[in-house]
Amino acid sequence: MKKKKCLVLTFILGFLFGTVDCGKDEVIFKENNAIFTESFYEEVTEIEVWNGDTKYVIDDEEKCRKVIALFSALTLTEKTVPELNNILIGGMRVEFIMKDGSTEVTASSTEISIDSVHYEVDEDIIAHVRKIAMGKAYEE
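Residues numbered from 1 in each chain as written. Predicted model: local features only at pLDDT ≥ 70, side-chain atom pairs only at ≥ 80, totals over all residues. Heavy atoms only, no water.

## With respect to helix 3 (residues 61-72)
Point 1. Compared with an ideal rise of 1.5 Å per residue, which puts twelve residues at 16 Å, helix 3 spans 16 Å between its outermost C-alpha atoms and is within 8% of the ideal.
Point 2. Packed against the buried residues of helix 3 are helix 2 (38-43), strand 1 (44-51), strand 2 (54-58), strand 4 (92-98), strand 5 (101-107) and helix 4 (126-134).
Point 3. The N-terminus of helix 3 is capped by Asp60, whose side-chain oxygen sits 3.2 Å from the backbone nitrogen of Glu62. (Helix = DSSP H or I, 4+ residues; strand = E, 2+ residues; numbered from the N terminus. Expected span 1.5 Å × (residues − 1). Contact = heavy atoms within 4.5 Å. Polar contact = N/O pair within 3.5 Å; in protein donor to acceptor, adjacent residues only side chain to side chain.)

The following block contains the structure:
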């Protein structure tokens, strides 16, 4: 009988300790493109997200990782430089401040421009990035 109690107690404790870390989501870089990779993340010191004329600075490591993971999951298809009347206007401007320089991104729901190179994207991540940057101040 004592052996059964020990076995049940061991099982319960193992289950409890095994699930303690499950509450924290691991952020994974899918690396669906060659730009936003784990090595890109390692160079970023902060991210500036612009909402109109208001700048939100992300310097928290976990939040930076989440933002870059969103960009990492995008499939980018390079497109020709748009004509003047088709240049990406509006959307969201994001600047990745690096240890040595910066990378500027302008994003809309269907395309992004990275340092003046234009790409079609397969997913709209704007709301997710704004929510990370603005927190409770963001309303869809």
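On we go from here.
## So, the packing of helix 3 against helix 4
Point 1. It is the contact of helix 3 with helix 4, at a shortest axis distance of 10 Å, that shows an interaxial angle of 175 degrees. Classified by the angle between their axes, helix 3 and helix 4 sit roughly antiparallel to one another. Seen from helix 3, the contacting residues are Lys63, Lys66, Val67, Leu70 and Phe71; seen from helix 4, they are His128, Val129 and Ile132.
Point 2. Along the lines of polarity and charge, the residues of the contact of helix 3 with helix 4 split into five nonpolar, one polar and two charged. (Axes fitted to C-alpha atoms, helices over the stretch in contact; angles between N-to-C directions. Parallel < 35°, antiparallel > 145°, perpendicular 65-115°, else oblique. Nonpolar A, V, L, I, M, F, W, Y, C, P; charged D, E, K, R; others polar.)

## Details of the sheet that holds strand 4
Point 1. Overall, antiparallel pairing links the seven strands, which are arranged 2-1-4-5-6-7-3 in an open sheet. The sheet is open, and its two edges are formed by strand 2 and strand 3 (76-78), each paired on a single side. The average angle at which neighbouring strand axes cross in this sheet is 25 degrees, direction not considered.
Point 2. For strand 5 and strand 6 (residues 111-114), the ladder comprises three bridges, and the chain directions are antiparallel. Paired with Thr106 across the bridge in strand 6 is Ser113.
Point 3. Contacts between helix 3 and the sheet are confined to strand 1, strand 2, strand 4 and strand 5, with strand 1 contributing the most and set at about 70 degrees to the helix. (Pairing = 2+ DSSP bridges.)

## A word on helix 4
Point 1. Of the positions making up helix 4, those classed as buried are Ile126, Val129, Arg130, Ile132, Ala133 and Met134.
Point 2. Contact partners of the buried residues in helix 4: strand 1, strand 2, helix 3, strand 4 and strand 5.
Point 3. Just beyond helix 4, the residue with positive phi is Gly135, at close to 60 degrees. (Buried < 20%, exposed > 50% of the residue type's maximum accessible area, 1.4 Å probe, protein only.)

## What about the packing of aromatic side chains?
Point 1. The tally for this structure, following the rule as stated, stands at six aromatic pairs.
Point 2. Ring geometry for Phe40 and Phe96: centres 5.3 Å apart, planes at 75 degrees, overall edge-to-face. In this pair, Phe40 sits in helix 2 while Phe96 sits in strand 4, placing the two residues 56 residues apart along the sequence. This pair shows no difference in class: Phe40 is buried, exactly as Phe96 is.
Point 3. Chaining the aromatic ring pairs together yields one cluster made of Phe36, Phe40, Phe71 and Phe96.
Point 4. The lysine or arginine in question, Arg65, covers the ring of Tyr41, its NZ or CZ lying 5.0 Å from the ring centre. (Phe/Tyr/Trp six-rings, centres within 6.5 Å; stacked < 30°, edge-to-face > 60°. Lys NZ or Arg CZ within 6 Å of the ring centre and 35° of its normal.)

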